[in-house]
Amino acid sequence: MLFNSVHFAIFFPIVVTLYFLLPHKFRWILLLIASYYFYMAWIPIYVLLLFASTIVDYISGLLLGKTETEYKRKLILLCSLIVNLGILFTFKYYNFFMDSIEKLSISLNIPINMHYSSLLLPIGISFYTFQTLAYTIDVYKRKIKPEKHFGIFALYVTFFPQLVAGPIERADTLIPQLKQSHDFNIKRVSDGLKLMAWGLFKKVVVADRLGMMSAYVFANPQSHQGPGLLFAMIFSSWQIYCDFSGYSDIAVGSAKILGINLIQNFERPYFSRSFPELWRRWHISLMNWFRDYVFYPLGGSRYGTLNTCRNLIIVFTLSGLWHGANWTYIFWGFLMGVCLVLSLLTRDIRKIIIEKIGLTHFPKIHQGIQMLMTYSIFLFFGVPFRAEKIGDVFYIWSHLLTGWTNPTRGLDFDDFVVSLGMPTEQEFNTAIVSLLFLIVVEAFQSYGISLREKLEQRNMVLRWTCYYIFLFLIAFYGVWNSSPFIYFQF
Amino acid sequence: MRHALFKEILPIILLIPFFIFFISVNVLIDPAGLLRKSQEKQIAQWLNEGYGVINAINVDYRKIIKERILLMQGKPDIIIMGSSRAMIIDSSFFPNKHILNCSLPSANLEDIIANYQVLYEAKQLPEKLILCPDLHYFNAYAKSNFHLFQEFDNAMERMEIVQNTTLKDLIVKWIDPRYFQILSPGYFQESIRFLPAWVVGKIPRPKPIEHYETEEKVIRPDGSIIYESSRRQRTQQEIELKAERYAFKHPEGLINYRILDPTRKQIFENFLKIVKKDGVEIEVIFIPIHPRSYEILSQNKIYKIIIDVEKYMRKVFSSFDIPVYGSFDATKCGCNSTDFYDAVHAKPEAIKRILSLYQ
């Protein structure tokens, strides 16, 4: 079920109403049924995978809680890892693996015909697999006690607001909240609704409109030159951000209405002043997962610069693979790791250069340049994330500087934007205005000014007029063809 | 106490007018006439009386076809079945024959089977069925939500195929999914666009016409359509752009099309069997898609399945001795990019040329 669908618009109010009408002891049952229904709205049979993952990790947790012998504990953990990662591999990586072997065999002149699977990627499999793995590893490390209540554990795995695209929650924060009784609180409901509306704006007004252009150009980069490619890169970067952070806002907002606080997944990453900062503010729950379960076990930053760099590159390459079964994602992850390493290695040199040229005397300009540089690097090396083939990545990079003498290729501007995949110039203008609005709001936020809080201090008439205008803008300027969220595929 | 409670729920109360306004606009303006139940019946009557119809926007073609068949006096000689791609086939293709084009926009396999069943149950089976298949017939994820459920179920029973019914199937079977549009922001956008026309009482509603010289899209009495002038007068550059955009933007019916679904293959083959058993002659026209769209799709790792779709269907038709004309690949049936209105809709001249190749 999509958050931006009529289906969800009917489903969610029913769930919320029943949730607050039911006594606390029955609420987990309602949420569990609702979560399974939410998931089954796509391909019902795939709910069995979700159930299998729940059973395996529930039993693993109980066994780990009862077993003291270290090698037995390791064996239980290994079984859980094999089952969870095995399911993930079968559904997400099998065809990629076979395709890579086949291509390798062709390049070695010993062609092998591989058998491909026709299974579709279950929505959200990477998210719930990582969430359940985190639980089992935490129980293994004795950070948390195993959850004995099967229903609550099943709800932890399937809690519908964050089931299909995160945030990836930890058991020690989510399970206690699922057990707590939450009274109806209008302030919380109102905050949750505002967050949902903001997320919906990001998704249907900004992301889906920007996506019209970026999807078209990235599917066919060879037909475009520098200006078109640059437009598509910028639009794509904001589309991905708005799509995913919009989803996260709706997820966090809807959970908030039910009284449950989820982790904030994005903190205005494009306003970061360095690459490491950007990655601390982008998909926070996933980055925390990789930090805790891959980076630290590899040694983290404890064994010298070289090992730290190696660990960072491994973590980011793996995060690329997590995003998708395609060499473009792996390449993207690797490049992000390399950029991060370079950023850390050049930190002192950059500091010296900045002091030498006197930029420290102009802190605002300095900050602006840092933000622009960070965003530009992310934009340039983010190309593999959207490109369909590695060849397209190099094509885009190598053609970014072409065609600038005649940016619109001799076309009128309206024909130019249509040639980039926008249905009309008006759609393009709406995309630009809505994007600028978003940037302004986030710019204020980055200076600690919340426009929402400012508005809340105003009188009721003004406040509600603004709310109504905002809701009408979403309804009227949204792209309502129920485009799936990009991160559903991960 | 009462005051405190009111203050507590005030924000929710204040939100209600927004939703009331939203739904009211959709219900009152109702640009597609979703709540005007009788409009399909009225259109069917006009068509059967020999009038053309304009402004038939967002009407349910399935219901129009069913009503037409039920009201029809005398069997047609030839029935044409397909999607909007086949709707341009008119009586001039088959001189001296009584034809009825039962094609409808975005028709799926379920629609074809259900509409055939309507003909069967009304005892109006023709001498010949001309089938114009589409690429998405065997995509399990392009299932139709809107077909005539009862007739489809009856046909499945005739074909002795047991169906797996999902919860969603049951819901859409009992509640017409079109009514959910009343809650749809997309429909709200459409309603707002029609607001000025509604205020002055000039919302375009379906209307019968005798002469077809109009800029609007016309449904003719034989069930075929004449496209609106804006579509007919597109420049070649616009058409090329549409063809590319269609193929590069993940065509809706082809999403998740990894395999030819075995169940749908079985349904398709059993359908051909019952048509043969009913003594209805079948001919098939593969209406091509724009050569640029075909080229892009057939080179795409995922969508190259379209090549297998045609191969499979040709094999099945051959096993039933069914004559086949044309190809999805325009280059294989003498068509080029000037033969199209957009990515998937060929011009009538192109289809006539395809048929002439075989005569």
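Sequence order sets the numbering: in each chain, residues are counted from 1 along the sequence as written. Chain letters start at A and ligand numbers start at 1, both assigned in the order the entries are written. Per-residue local features are limited, in this predicted model, to residues with pLDDT of at least 70; the limit for side-chain atom pairs, both in listing and counting, is 80 or more; totals at the level of whole chains, interfaces and linings are taken over all residues.

As for the sheet that holds strand β9 (residues 324-326) of chain B
Residue and element names in this part refer to chain B. Put simply, the test is: A pair of strands is labelled paired if DSSP reports no fewer than 2 bridges between them. Helix and strand labels come from DSSP, where a helix needs a run of H or I of at least four residues and a strand needs a run of E of at least two; each type is numbered from the N terminus. Here, axes are lines fitted to C-alpha atoms. For helices the fit covers the stretch in contact, and angles between N-to-C directions go from 0 to 180 degrees.
Read from one edge to the other, the open sheet built from five strands follows the order β3-β2-β4-β8-β9, with strand pairing classed as parallel. Edge strands, defined here as strands with exactly one partner in the open sheet, are β3 (99-101) and β9. Strand-to-strand twist of the sheet, defined as the mean angle between neighbouring strand axes without regard to direction, takes the value 20 degrees. With four bridges connecting them, strand β4 (residues 128-132) and strand β8 (residues 281-286) associate as parallel partners. Across the sheet, residue K128 finds its bridge partner in β8, namely E281.

Some words on the sheet that holds strand β1 (residues 52-54) of chain B
Residue and element names in this part refer to chain B. Read from one edge of the open sheet, four strands run β5-β1-β6-β7, paired in antiparallel fashion. The outermost strands of the open sheet, each flanked by one partner alone, are β5 (207-209) and β7 (225-226). Both β1 and β5 contribute to a ladder of three bridges, which runs antiparallel. Bridge pairing in β5 links V53 to P208.

Brief notes about the domain arrangement of chain A
Residues and elements named next belong to chain A. Going by this rule: A domain assignment, automatic or from a database, supplies the domain bounds used here. Any residue pair is listed as a contact if its two C-beta atoms, each placed from the backbone, are within 7 Å. Under the grouping applied here, Gly and all other residues not named as nonpolar or charged are polar, the nonpolar ones being Ala, Val, Leu, Ile, Met, Phe, Trp, Tyr, Cys and Pro and the charged ones Asp, Glu, Lys and Arg.
Along its sequence, chain A is organised into domain 1 (6-181) and domain 2 (188-477). For domain 1 and domain 2, the distance between their C-alpha centres works out to 27 Å. Contacts between the two partners involve 19 residues from domain 1, matched on the other side by 19 residues from domain 2. Elements that contribute at least two residues to the side of domain 1 that touches domain 2 include exactly α1 (6-21), α4 (70-107), α5 (125-140) and α7 (160-163). The class makeup of the residues in the side of domain 1 that touches domain 2 is 12 nonpolar, five polar and two charged.

What about unusual backbone geometry?
The criterion, for reference: Once C-beta atoms are placed from the backbone, each residue is buried if 20 or more other C-beta atoms lie within 10 Å of its own, exposed if 12 or fewer, and partly exposed for counts between those two.
One non-glycine residue with positive phi stands out, namely A:N109, at about 65 degrees. By secondary structure assignment, the location of A:N109 is in the loop between α4 and α5. The class of A:N109 is exposed, set by 6 C-beta atoms lying within 10 Å. If you check the backbone angles, B:S106 has positive phi at about 55 degrees while not being a glycine. Structurally, B:S106 can be placed in the loop between β3 and α4 (109-121).

Looking at the pairing of β4(B)
Residues and elements named next belong to chain B. Of all five residues in β4, four are buried, a share of seventy percent or more. Strand direction decides the pairing type here: strand β2 (residues 78-82) and β4, joined by five bridges, are parallel. Pairing of I78 across the sheet is with K128, part of β4.

Digging into the packing of α1(A) against helix α2 (residues 24-40) of chain A
All names here are of chain A. Here is the rule we go by: The labels follow the angle: roughly parallel below 35 degrees, roughly antiparallel above 145, roughly perpendicular from 65 to 115, and oblique for the rest. In this scheme the handedness of a crossing depends on how the near helix is turned from the far one: anticlockwise by less than a right angle means left-handed, clockwise means right-handed.
Look at α1 against α2: their axes get within 9 Å of each other, and the N-to-C directions meet at 165 degrees. Judged on the interaxial angle alone, α2 and α1 are roughly antiparallel. You can see that α1 and α2 cross each other, and the crossing is right-handed. Residues V15, L18 and Y19 of α1 lie in contact with α2, whose contacting residues are R27, L30 and A34. Along the lines of polarity and charge, the residues of the contact of α1 with α2 split into five nonpolar, no polar and one charged.

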